[in-house]
Amino acid sequence: TPPYSFKVILPQLLAALGNEKQWTTKVSALKIIQKLCTTCKSQVDKSLPTIIPVVSACMWDTKTDVQKQAAATLTAVCLTVSNPDLHPFINILVETIKEPSQIPDTVYKLSSTTFVPTVAAP
């Protein structure tokens, strides 16, 4: 997928993850979003606030296939984050979204991390 088409494709993919959609449609859309993480990494990184809530909601879908693909997609999406200090915590964060009872432990682990600020030009 060419990076310049990302802005056109993303809203369609996120719409395909709605509750009224078939589970096969959701799995397909999640797989495409996961693929975009490699072909359009910087665009995905800039769209994290839009993507994460929609993909996270799929982790509680009634269909196990959707849940599994949502977890894999969310991991790929989170790995596009430009802050390397967060990369070791991606799997923990995804598991916490899947199982909210882990929030206190995750907050503790994140609080013991030293984040090194990096200033990047816009």
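Structure's up top.
Residues numbered from 1 in each chain as written. Predicted model: local features only at pLDDT ≥ 70, side-chain atom pairs only at ≥ 80, totals over all residues. Heavy atoms only, no water.

1. Regarding the packing of helix α4 (residues 48-58) against helix α5 (residues 64-78)
Two numbers describe how α4 lies on α5: the axes approach to 8 Å, and their chain directions differ by 160°. By the angle between their axes, α4 is roughly antiparallel relative to α5. Remark: the crossing between α4 and α5 carries left-handed chirality. Residues Leu 48, Ile 51, Ile 52, Val 55, Ser 56 and Cys 58 of α4 pack against Val 66, Gln 67, Ala 70, Thr 73, Leu 74, Val 77 and Cys 78 of α5. Across the contact of α4 with α5, the residue classes tally to 10 nonpolar, three polar and no charged. (Axes fitted to C-alpha atoms, helices over the stretch in contact; angles between N-to-C directions. Helix = DSSP H or I, 4+ residues; strand = E, 2+ residues; numbered from the N terminus. Parallel < 35°, antiparallel > 145°, perpendicular 65-115°, else oblique. Left-handed = near helix turned anticlockwise from the far one by under 90°. Contact = heavy atoms within 4.5 Å. Nonpolar A, V, L, I, M, F, W, Y, C, P; charged D, E, K, R; others polar.)

2. So, the packing of helix α1 (residues 6-15) against helix α2 (residues 23-39)
Direction vectors running N to C along α1 and α2 enclose 150°, while the axes themselves pass 10 Å from each other. As the angle between them shows, α1 and α2 are arranged roughly antiparallel. In this structure, the crossing between α1 and α2 has a hand that is left-handed. For the pair α1 and α2, the contacting residues are Phe 6, Ile 9, Leu 13 and Leu 14 in the first and Ala 29, Ile 32, Ile 33 and Leu 36 in the second. Looking at the contact of α1 with α2 residue by residue, the class counts come to eight nonpolar, no polar and no charged.

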